[in-house]
Amino acid sequence: MTSKDVEQTDERHHPLDPWWADLGTWGAVALMAFGGLAAVWVFFRLPGTPQELATGYYQAAKVVAIGLVIAGTALLSRERDRGAATGKADEAVRD
């Protein structure tokens, strides 16, 4: 088999996005609320709480952290879009 017979592509295909990729701002708020609720659940040692409390708090903190990152990213992109629109308006005024 020669190299001409084999189809080669430089394109990398990643079919699976993370589960939080398309949540948006309200999804981020929901994650933060759910993480807070999970922390309260662990604090009161309600049914389903792990034997090691640190594990429960760790899981709740991970959910809250993902929510904070998504919310921060959404807010920064909104500000960047607003700044880009303002910059275009300023350029139109100058011309």
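Residues numbered from 1 in each chain as written. Predicted model: local features only at pLDDT ≥ 70, side-chain atom pairs only at ≥ 80, totals over all residues. Heavy atoms only, no water.

Caption draft 1: Local environment of a nonpolar patch on the surface. Together, V40, W41, F43, F44, L46 and Y57 give the surface a local cluster of nonpolar side chains, amounting to about 600 Å² of exposed area. Ranked by residues supplied to the nonpolar patch, first place goes to helix α1 (residues 24–43) with 3 residues. By the element assignment, F44 lies in the loop between α1 and α2 (53–94). Owing to a relative accessible area of 54%, F44 belongs among the exposed residues under this scheme. (Patch = residues over 30% accessible without salt bridge, like charges linked within 9 Å, V, L, I, M, F, W, Y side chains within 5 Å. Areas by Shrake-Rupley, 256 points an atom, 1.4 Å probe, with all protein chains shown as cover. Salt bridge = Lys/Arg side-chain N within 4 Å of Asp/Glu carboxyl O. Helix = DSSP H or I, 4+ residues; strand = E, 2+ residues; numbered from the N terminus. Buried < 20%, exposed > 50% of the residue type's maximum accessible area, 1.4 Å probe, protein only.)

Caption draft 2: Broad picture of the nonpolar core. Counting residues in each nonpolar core, the largest one holds 5 residues, listed as A28, L31, V63, I70 and A71. Excluding residues that lie within four positions of it along the chain, A28 makes contacts with G67, I70 and A71. (Core = buried A, V, L, I, M, F, W, Y, C linked by side-chain atoms within 4.5 Å. Contact = heavy atoms within 4.5 Å.)

Caption draft 3: Here's a closer look at unusual backbone geometry. Positioned with a positive phi, R45 is a non-glycine residue whose angle comes to about 50 degrees. Inspection of the secondary structure puts R45 in the loop between α1 and α2.

Caption draft 4: Examining the environment of I66 more closely. Mapped onto the elements of the fold, I66 is located in helix α2. Under the relative-accessibility criterion, I66 is labelled partly exposed at 22%. Ignoring anything within four residues of it in the chain, the contact list for I66 reads W19, W20 and L31.

Caption draft 5: Representation of the pattern of salt bridges. The final tally for this structure, using the stated rule, is 1 salt bridge. Across the pair R82 and E79 runs a salt bridge whose closest N-O atoms are separated by 3.1 Å. Placement of the pair is R82 and E79 together in helix α2, with a separation of 3 residues, close to one helical turn.

Functional significance is not addressed by these values, which are geometric in nature.
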